[in-house]
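Descriptive structure summary
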Amino acid sequence: MSGRALPRSFFARDSRELATELLNKVLVRRVAGEPTLAARIVEVEAYRGADDAGSHAFRGRTPRNATMFGPAGHLYVYFTYGMHWCANVVAGEPGTASAVLLRAAAPVEGIDVMRARRLKGRPTKLRDRDLLSGPAKLCEAFGITGTLDGADLTRRTAAGDLRLLDDGTPPPAVPLVTRRIGLAAGKGDEHPWRFCVPGDPNLSR
DNA sequence: TTTCGGATTCACT
DNA sequence: GTGAATCCGAAAT
């Protein structure tokens, strides 16, 4: 997978704008001695700190959400439902606590590794389109856990190399926009801040 | 210190 | 379509 690594300036803007721009960008994970993993992002959600009841940062900074309050271009990883990890890209200026949840992607490279991680020995079959079609699925397939919370997406890190690349594919001219998934009624679910590549088979649910 | 519920997924009906 | 799995952060006590 080749392309231009996205610089810090790309991430340092409003999370809703960043969300639409992340569509069709390529997430790449390189770890020494392992096959490269690559996937095209097809579904994201924007979250904001102060005025977004659906955001982990709504009630202010805590040890858990500290990464969201830091500089853009870092990965905010959190654990939920007692078993799942989800990953966000931090947006905006430090202190705004905004981020973009990576919800689904299309597998591009390293598909066998992704499938093995997703199956975890289960006897079921998984189509390619089921490998990354949800925020926790994406993390499982990419091996993203809490140890990568705070990782800088614009630099090589000790944990390996996790980057976002622009391979020249533009975001969709007209993204599919819906309400965000999984939020309780009245807790930010009213905002239409989910953005998708229209018609993509790898979308969640 | 206890309680509550979650930015989900999967197996099963 | 429904329910179980399963842990932790944060609010409530």
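Quick notes on the rules
- Residues numbered from 1 in each chain as written.
- Chains lettered and ligands numbered in written order.
- Predicted model: local features only at pLDDT ≥ 70, side-chain atom pairs only at ≥ 80, totals over all residues.
- Heavy atoms only, no water.
- Buried < 20%, exposed > 50% of the residue type's maximum accessible area, 1.4 Å probe, protein only.
- Helix = DSSP H or I, 4+ residues; strand = E, 2+ residues; numbered from the N terminus.
- Arc of directions from axis to C-beta.
- Contact = heavy atoms within 4.5 Å.
- Salt bridge = Lys/Arg side-chain N within 4 Å of Asp/Glu carboxyl O.
- Pairing = 2+ DSSP bridges.
- Near = heavy atom within 4 Å.
- Polar contact = N/O pair within 3.5 Å; in protein donor to acceptor, adjacent residues only side chain to side chain.
- Nonpolar A, V, L, I, M, F, W, Y, C, P; charged D, E, K, R; others polar.
- Phe/Tyr/Trp six-rings, centres within 6.5 Å; stacked < 30°, edge-to-face > 60°.
- Lys NZ or Arg CZ within 6 Å of the ring centre and 35° of its normal.

Considered for burial, the residues of helix α4 (residues 135-142) that qualify are Pro135, Leu138, Cys139, Ala141 and Phe142. On an axial view of α4, the arc spanned by its buried residues comes to 165 degrees, and they lie on one face. Lining the buried residues of α4 we find β2 (26-30), β3 (37-47), β5 (84-91), β6 (98-109) and α3 (111-119). Looking one or two places after α4, you find Gly143, whose phi comes out positive at around 70 degrees.

Quick look at the pattern of salt bridges now. As enumerated under the stated definition, the model contains 19 salt bridges in all. Salt-bridge contacts for Asp161 lead to Arg163; the nearest nitrogen and oxygen are separated by 2.7 Å. Owing to a relative accessible area of 3%, Asp161 belongs among the buried residues under this scheme. You can call Arg163 buried: its relative accessible area is 17%. Among the ionic contacts, a cluster of salt bridges with common partners joins Asp14, Arg16, Arg48 and Asp51.

Time to look at the pairing of β2. Burial analysis of β2 places four of its five residues in the buried class, the great majority of the element. The pairing of β2 with β3 spans four bridges and is classified as antiparallel. Each residue of the ladder has a partner; that of Arg29, found in β3, is Leu37. If you look at the hairpin formed by β2 and β3, you'll find six residues sitting between the two strands, and Gly33 has a positive phi there, around 85 degrees.

Taken together, 21 residues sit near DNA strand B, with His56, Tyr78, His84, Asn88 and Arg118 positioned nearest. At a separation of 3.2 Å, a base nitrogen of DNA strand B approaches a polar side-chain atom of Tyr78. One of the backbone N or O atoms of Lys137 is found 3.2 Å from a phosphate oxygen in DNA strand B. Per-element accounting of the surface near DNA strand B gives the leading share, three residues, to α4. For the surface near DNA strand B, the per-class residue count stands at nine nonpolar, eight polar and four charged.

Moving on to the protein's contact with DNA strand C. What surrounds DNA strand C is the set Arg59, Thr62, Pro63, Arg64, Phe79, Tyr81, Gly82 and Met83. At 2.6 Å from a base oxygen of DNA strand C is found a main-chain nitrogen or oxygen belonging to Tyr81. A distance of 3.2 Å is found between a sugar or linking oxygen of DNA strand C and a backbone nitrogen or oxygen belonging to Gly82.

Before going further, it helps to spend a moment on the side chain of Asn202. Mapping Asn202 onto the fold places it in the segment after β9 (194-196). We classify Asn202 as buried; its relative accessible area is 7%. Contact partners of Asn202, with chain neighbours within four places excluded, come to Val42, Ala104, Ala105, Ala106, Pro107, Asp128, Arg129, Leu132 and Ser133.

Turning next to the packing of aromatic side chains. The final tally for this structure, using the stated rule, is three aromatic pairs. Considering the side-chain rings of Phe10 and Phe11, the 5.4 Å spacing of their centres and the 85 degrees angle between planes classify their relative orientation as edge-to-face. With a centroid separation of 5.8 Å and an interplanar angle of 35 degrees, the aromatic rings of Tyr76 and Tyr78 are classed as tilted. Owing to a relative accessible area of 1%, Tyr76 belongs among the buried residues under this scheme. By relative accessible area, Tyr78 is classed as buried at 12%. Just above the ring of Phe10 sits the side chain of Arg13; from NZ or CZ to the centre is 4.7 Å.

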